[in-house]
Amino acid sequence: VFSVHMVGEGSVSICSIAGKATSSPAENYLLARRRTLQVVVSALLTESGFESAEKAAVETLTEMLQSYITEIGRCAKAYCEHTARSVPTLSDTVVTLIEMGFNVDTLPIYAKRSQRMVITAPPVTNAPVTPKALSAGQKRTHPAHIPSHFPEFPDPHTYIKTPTFREPVSDYQVVREKAATQRRDVERALTRFIAKTGETQSLFKDDITTFPLIAARPSTIPYLSALLPSELELQALEETDSSEQDDQTDGENTDDPGADKENSMLPPSGVVPSTKASEDNVIDNPYLRPVKKPKVRRKK
Amino acid sequence: MSNEDLYHKVVGYVELTIFPTVVNLNRIKLNSKQCRIYRVRVNDLEAPFLYNDPTLEVCHHESKQRNLNYFSSAYTAAVSAVDPDAGHGELVIKVPSELWKQGDDLKVLKVYIEFSLDQPKGGLHFVVPDVEGSMAERGAHVFGSCDEKMKIFSCHRFWFPCVDSYSELCTWKLEFTVDASMVAVSCGDLVETIYTHDMRKKTFHYILPIPTAAPNISLAVGPFEILVDPYMHEVTHFCLPQLLPLLKHSMSFLHEIFEFYEEILTCRYPYSCFKTVFVDEAYVQVSSYASMSIFSTNLLHSAMIIDQTPQTRRCLAQALAQQFFGCFISRMSWADEWVLKGISGYIYGLYLKKTFGVNEYRHWIKQELDKIVEYELKMGGVLLHPTFSGGKEKDNPTPHLHFSIKHPHTLSWEYYKMFQCKAHLVMRLIENRISMEFMLQVFNKLLSLASTASSQKYQSHMWSQMLLSTHAFLKSISNVSGKDIGPLIKQWVDQSGVVKFFGSFAFNRKRNVLELEIRQDYTSSGTQKYVGPIKVTVQELDGSFNHMLQIEENSLKHDIPCHSKSRRNKKKKIPLMNGEEVDMDLSAMDADSPLLWIRIDPDMSILRKVEFEQADFMWQYQLRYERDVVAQEEAISALEKFPTPASRLALTDILEQEQCFYKVRMQACFCLAKIANAMVSTWQGPPAMKSLFTRMFCCKSCPNIVKTNNFINFQSYFLQKTMPVAMALLRDVQNLCPKDVLNFILDLIKYNDNRKNKFSDNYYRADLIEALTNSLTPAISINNEVRTVDNLNADVRLILEEITRFLNMEKLLPSFRNTITVSCLRAIRQLQKNGHIPSDPSLFKSYAQYGHFVDVRIAALEALVDYTRVERSSGELQWLLSMVQNDPVHYVRHKILGLLCKNPPFTKTTDSALCNEALVDQLWKFMNSGASHDWRLRCDAVNLYYMLFGLTRPSCLPLPELGLVLNLKEKKAVLNPTIKPELGVGAVMDTPASIGQPPQGLKRKADTPLGSPPEPGQILQQQDDDGRGFNTMEDEDIDMETVHDSQAFIHHHLNLLERPSTPGKHTHTHTHTHTHTHYIHVLKTLLIQFT
């Protein structure tokens, strides 16, 4: 059947149609196949008595047909691989069709129907050539205990570890230098990018690119960004808190790492009532009391 | 009505309960501004009232008067006319005649006033960010923008009718109805919060049982986050949404301040609760009211911030000190203000001493002393306790000032700050005299009397114990200490000015005597003569000796016998004042003299400036070995004049000494830079401070790279911040910043690494930018070529590169208080000013817009003001002035005028194209009527006018058409008044128009000699109407409807009835005995609804 050929075989020799020379061979190939499908759909439509069809309708039907055929192909291939073969047989296809709910018995009758139209063979295009993988180095031959029909070894670079002999830079001065340069480069690139993509101000009337300043933009609540520490700072603080600066001063932030953040907001003297949680309920502060409901008026 | 309008409206209702204390009470005068009064009732009877605010327009319209003397006197008169301490007010309520009988029986009167406030310009400040969302989500809030100064400037009449005086105490019941998402914080105890019937609003009920004056009442409404203090549950903190973590951290310290004050005063905090509210766009940083304080939200900070922490704690301490003295105990009259400011400032100083240490305290005292001395010598004296004899304003106690100090409302802001500064310094002088123990006993006594008085119900005569007068304070001091401090008070309180000493000495070897000469300058402005004791400390080889000398009229020279023989005993250690014994290298000394150094008035027990001459080596010894930070700082400033290798060594040693107070070390940096510049041709070795900085802060292995930041040691943090700033001031022989210094600073920026630091480095980076700014020198320009990128100096290009990057990074990762943007803006202005880049105001204009953080705006405005002066740009001046009129933030408006005064575009002595008639008119109009809603702003405008045009008619005005001066005394006219500016103000008539109307000056010819400012108080005596003093000026301006109406009203309804009004005409001067009040209102209920 048509479909089996489409999917199961690597290539079908079809004569080429002159045309879009601009597209790549792979695209040409697919285009030709698709075209044939369209012809098939059109033929079926004519067979069913349609005189004309909208392009969109034909396209949709083509799409459906293609999906169907693709699915049959995929399934058949799966069945065949399931039985450790590499080329699908007729039985694979039959099982697939049955699996997909198709009554196989009707197929011969349908194929032999009288009003069936004969379609010319699809144009021949060259199947796309998969570019050869670049091979590097000498492939290893199989050792004696491996039969020769087993696949060859891949290129050596895919499994061989090549040690490099350059020591990582650990000189303090170089590290600092590198970190500083890197940070400066990142900052400059970032700010330049923002400046390029947004509004800018310039210190020179004639040259607005050498020292671009990101335009000042008023904010609705300016004190928020000015007072709250940025996420970056908070993150840095957490890191330093948990790491080295502990041994320098923080005698308070000892045992409970979970409470670190809480503690940092509270005074270092740290005489916070230990029963704080329970006391919260006891605190009688007028601002914490619930709001009362209005009294019902006497007069109505 | 638009939404915005809807949200800026307040509807209110005030109820006053009044006990008449005299018969014949027929009028009640209250203070009220801006309010629209709907209805007034007295005991359920409709009462007629009239409303007249003379301060709305000080000098009346068509007047062509443009001299400041005239304005100041008219303004003082206008304020006097509504002065509550003299029983006046803007709102005059006539008690219905049916109730006169009741009043005569001294029965209770109840006054009900309904009012509304629509878009108030002053008093209440609304902050509504322009974003989507409900009011609460937007962080909208409102607060009484009356702060410390505004408070004394009594802005309360701006938001509800009251007796706007500190001496009128009553208890309060306050109710505020606000949107359900909001919290209303006010004075007193929150009794309950109740929903309105539609459940969309809440009413907050407050009761303040402690008698309190209206100016101590405030209110803040907003979607506040609430934090109950973990240590003191009766203390509640409020901040705007999202700032709660900052609030928690910033307030974690408050309880210690509470404990400190309660301990030294041996007195509980007087109110049952305390609230702190942090608001945006605050009028000033700190303002205290009865049981609550309002702060600027910008004081909040996180644990990462170093520099802000002490500042915030200082603000808290100030606010709390004022809770005791200023809120709980308030002043009897304006003349007693100094006592309260003095005491609160003094106990705040004690707190500083305890928390920040004696060094910091003495440093602060010296700073304050230097400030007041500088101000008084420049501007003339500051008078703490002015007395105004019987309304005769011609004996003005402060004729050198361009404003009157009779009322807080007419006072220049700067003067008031200096006034506070002097007040607490004088308290310290009293402490020196009677000892701290007695001082604290006096405070304790005052507080206990007041708290006894406050618990008395409805016995209002008892309540006067809660008011403090100069007299009562002095009496209490003499009772407690038994000492007479009269001379001290006379010298520093009743009299203005500071003392200026010049000292020099010679050593007489034969007699072994130090011959000290102390001269005084008491003729310059702002100085006074000092007669009395003075302490002199002499450090000799054998020890340190104090001598009390007597400064007398004619004796300049004082002989002080020396203890030591000049012959040095080489092995011996030298004992210091504090008992320490040190080894010194005495080779620098004069071999014949045993004197190491001499100090005059080391304890700062005189408000003085001392210019003392001693040899450079003596200053060096003083710097190295004297342990008092004040002495060290004095020595540093003196050493600036001695650029020698020995001075350099002394300064470097101090810099390296870790036990030395860090502020002294910081000062030494700048001195060292100056000395290095003076020694530029002979300087040996690397640039000053470079090797020191490298040793202290750079890596051992690679000295050009700074260590990663670790600011755990604050002393070295401050030093690390300061040294580059000072180093950048170094100059080489070509007067340029040395190349290696600039590269050094650029490297500091490059290698700055804060990743491992517990603290933010924003201030440090800002200072590095400041260092770059300091390194700039004027560009060499050939033929005024246009500045372009191509002809940029290579160093400047590097600097500009850094500034661009910093400023841009700030947009992505803003620093705390945007310190880096602030520094960058300053740097850019400096680049412009030095001609490296084109001078252009547009960048600063965009940063000055509303919507930027306030510090950034101020920095941008500072640059703009500078630009205006340098480029003489009238466009920018206009831009600034329109911002003064239209900006939503009061502080910014105030600040612009302040900056313009500090850096004026021109002055009265210089010619400028900017100085023209239109500008005069514009400023005049602004002072006259434009700033009527804000006392502070009006006084700022007066300051600016004075700075630009002086006291007399501005010289740029064309000669008046007739050019006539009416000399009223001699009854003759003189042509061309501008050349005789010293003539009396009221007498200079500019135009025929004003001559056409009978000018007010004509009226007082009998008792106003020319040359003294006319004061309407004088009319007050002549005419039989107390309240009309000022209004007589308006008699002629009958086209003004309201005035006319009010005049008619007074004439027909009140004046004809020969009954005294509220104050009574015979008590128009204020006395300490508080007799002017003829009624006492006992309970005041205020209901306010925000719609």
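Residues numbered from 1 in each chain as written. Chains lettered and ligands numbered in written order. Predicted model: local features only at pLDDT ≥ 70, side-chain atom pairs only at ≥ 80, totals over all residues. Heavy atoms only, no water.

Visitor: Is there a simple way to explain the overall build of chain A in this structure?
Guide: Looking only at helices and strands, chain A features 10 helices and two strands. Counted from the first residue to the last, chain A has its helices and strands arranged as α-α-α-α-α-α-β-β-α-α-α-α. The buried share among the 300 residues of chain A stands at 23%. Long-range contacts, defined here as pairs at least 24 residues apart, represent 42% of the contacts in chain A between residues at least 6 apart. When the accessible surface of chain A is summed, it comes to about 22100 Å², and 59% of that surface belongs to carbon and sulfur atoms. (Helix = DSSP H or I, 4+ residues; strand = E, 2+ residues; numbered from the N terminus. Buried < 20%, exposed > 50% of the residue type's maximum accessible area, 1.4 Å probe, protein only. Contact = heavy atoms within 4.5 Å. Areas by Shrake-Rupley, 256 points an atom, 1.4 Å probe, with all protein chains shown as cover.)

Visitor: Can you help me understand the domain arrangement of chain B in this one?
Guide: When the parts of a complex come together, some accessible area is lost, and that lost area is often used as the size of the interface. Split into domains, chain B comes out as domain 1 (337–390 + 397–493) and domain 2 (686–838). Computed from C-alpha coordinates alone, the two centres of domain 1 of chain B and domain 2 of chain B are separated by 43 Å. (Domains from an automatic or database assignment.)

Visitor: Help me out: how do you make sense of the sheet that holds strand S24 (residues 532–540) of chain B in this one?
Guide: Two pairing modes exist for strands in a sheet, parallel and antiparallel, and in both the strands are linked by backbone hydrogen bonds. Residue and element names in this part refer to chain B. With antiparallel pairing, three strands are arranged side by side in an open sheet as S25-S24-S29. This sheet does not close on itself; its edge strands, each paired only once, are strand S25 (543–551) and strand S29 (595–600). Ignoring which end each strand starts from, the neighbouring axes of this sheet average 20° apart. The pairing of S24 with S25 spans nine bridges and is antiparallel. Within S25, the position partnered with lysine 535 by the bridge is methionine 548. (Pairing = 2+ DSSP bridges. Axes fitted to C-alpha atoms, helices over the stretch in contact; angles between N-to-C directions.)

Visitor: Looking at this model, I keep getting lost on the nonpolar core. Mind explaining?
Guide: Most often, soluble globular proteins keep nonpolar side chains buried together rather than apart. Residues and elements named next belong to chain B. If you look at the biggest cluster of nonpolar residues, it comprises 336 residues, and the most contacted ones within it are Tyr261, Phe325, Trp338, Ile430, Phe443 and Phe473. No other element matches the 17 residues that helix H9 (residues 337–379) contributes to this core. Phenylalanine 473 has contacts with Trp338, Val339, Ile343, Met427, Ile430, Val442, Phe443, Leu446 and Leu468, leaving out every residue within four places of it along the chain. (Core = buried A, V, L, I, M, F, W, Y, C linked by side-chain atoms within 4.5 Å.)

Visitor: What is the right way to look at the interface of chain B and chain A in this model?
Guide: Contacts between chain B and chain A engage 97 residues on the former and 76 residues on the latter. Contact between chain B and chain A buries roughly 7400 Å² in total, counting both sides, with carbon and sulfur atoms accounting for 62%. Here Glu187(A) and Arg805(B) are joined by a salt bridge, their closest N and O atoms 2.6 Å apart. Our enumeration of links across chain B and chain A arrives at 19 residue pairs in polar contact (both at pLDDT 80 or more). For the side of chain B that touches chain A, the element with the most residues is helix H22 (residues 794–812) of chain B, which contributes 11 residues. (Buried area = accessible area lost by both parts, 1.4 Å probe. Salt bridge = Lys/Arg side-chain N within 4 Å of Asp/Glu carboxyl O. Polar contact = N/O pair within 3.5 Å; in protein donor to acceptor, adjacent residues only side chain to side chain.)

Visitor: Can you help me understand the packing of helix H7 (residues 254–265) of chain B against H9(B) in this one?
Guide: The description of two packed helices rests on the angle between their axes and on the distance between the axes. Residues and elements named next belong to chain B. At a minimum axis distance of 11 Å, the contact between H7 and H9 shows a crossing angle of 115°. Between H7 and H9 the crossing geometry is right-handed. In this structure, H7 uses Ile257, Phe260, Tyr261, Ile264 and Leu265 to contact H9, whose residues at the interface are Ile347, Tyr348, Leu350, Tyr351 and Lys354. Looking at side-chain class alone, the contact of H7 with H9 contains nine nonpolar, no polar and one charged residues. (Left-handed = near helix turned anticlockwise from the far one by under 90°. Nonpolar A, V, L, I, M, F, W, Y, C, P; charged D, E, K, R; others polar.)

Visitor: Looking at this structure, how should I read the pairing of strand S15 (residues 225–228) of chain B?
Guide: Within a regular strand, the side chains alternate between the two sheet faces. Residue and element names in this part refer to chain B. In terms of strand pairing, S15 meets strand S16 (residues 235–239) through four bridges, oriented antiparallel. Bridging across to S16, leucine 227 finds its partner in histidine 237. Between S15 and the antiparallel strand that follows it, S16, lie six residues.

Visitor: Looking at this structure, how should I read the confidence of the model for chain B?
Guide: Interpretation of this model should avoid reading the predicted coordinates in detail wherever pLDDT is low. All names here are of chain B. Of all residues in chain B, 82% have pLDDT values of 70 or greater, and the mean over the chain is 82. Confidence over residues 962–1081 falls short of pLDDT 50; this stretch has 221 contacts with residues more than four positions distant or in other chains. Here the complex is predicted with pTM 0.77, and the ipTM for its interfaces comes to 0.78. (pLDDT = per-residue confidence, 0-100.)

Visitor: I'm lost on the state of the cysteines in this one. Help?
Guide: Residue and element names in this part refer to chain B. Tallied over the full model, the rule gives zero disulfides over all chains. Looking at cysteine 702, it has no disulfide partner, and the nearest cysteine sulfur is the one in cysteine 699, 4.4 Å off. Given the relative accessible area of 2%, cysteine 702 is considered buried. (Disulfide = S-S within 2.5 Å.)

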